[in-house]
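Examination of the molecular architecture
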Amino acid sequence: ALAAIEALIERHTLSDGGYESSVHDILSSYQTNIALTSYRQRVEEGGLVGFDNEQGERVIECKYGWASDFVEGRAMVATPEGRMGLIASDGEEIIEARYDELEYNAETGHSWVCHEGLWAEFDYVGKQLSDWSNED
């Protein structure tokens, strides 16, 4: 969300560093993505975790051994075998649940993922940003 707001402001920035209109006016035109703000209630069934929407309808089947709450449209999940990944609020796997560890930073929208002792950084949409390397 922060990146989208920054891009919106950048589009309204003039060559002299000023703005076409006030930052307040620019931000008031920002449309919140419903998928990012949709409420998801974590539910458990048969020892597995999934999510229901505001109306109590199952939107993400109970197939995870563990799941965090959604923050900025993303939730960390773990398979029953303990493999970690990242999902969107519609259930789409942003980062496939096959890694040893995953740490999601909602402020940056980036995740640090560990696989076989090596770490790599991924962006908000699941694109790998860095090579696999030892953590410094």
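Every value quoted in this text rests on a predicted model; they were computed, and no experiment measured them.

1. Details of the overall build of the protein chain
Helices and strands together make up the secondary structure of the protein chain, namely 3 helices and 10 strands. The buried share among the 136 residues of the protein chain stands at 34%. Contacts spanning at least 24 positions in sequence make up 19% of the contacts within the protein chain whose residues lie at least 6 apart. About 8400 Å² of surface is accessible on the protein chain, with carbon and sulfur atoms providing 47% of the total.

2. Focus: the confidence of the model for the protein chain
Low pLDDT means the predicted atomic positions in that stretch should not be read closely. On average, residues of the protein chain score 82 in pLDDT, and 71% of them are at 70 or above. When the criterion is pLDDT under 50, residues 30–37 qualifies, and its contacts beyond four places in sequence or with other chains add up to 11 contacts.

3. Looking at the pattern of salt bridges
Under the definition given, this model contains 5 salt bridges. Measuring nitrogen to oxygen at the nearest pair gives 3.2 Å for the salt bridge that ties Arg42 to Asp69. Residue Arg42 is located in strand S1 (residues 41–45), and its partner Asp69 is located in the loop between strand S4 (66–67) and strand S5 (74–78); the two are separated by 27 residues in the primary sequence. Residue Arg42 is classed as partly exposed on the basis of its relative accessible area of 34%. Because the salt bridges share partners, they merge into one network encompassing Glu45, Asp52 and Arg58.

Rules of the game
- Residues numbered from 1 in each chain as written.
- Predicted model: local features only at pLDDT ≥ 70, side-chain atom pairs only at ≥ 80, totals over all residues.
- Heavy atoms only, no water.
- Helix = DSSP H or I, 4+ residues; strand = E, 2+ residues; numbered from the N terminus.
- Buried < 20%, exposed > 50% of the residue type's maximum accessible area, 1.4 Å probe, protein only.
- Contact = heavy atoms within 4.5 Å.
- Areas by Shrake-Rupley, 256 points an atom, 1.4 Å probe, with all protein chains shown as cover.
- pLDDT = per-residue confidence, 0-100.
- Salt bridge = Lys/Arg side-chain N within 4 Å of Asp/Glu carboxyl O.

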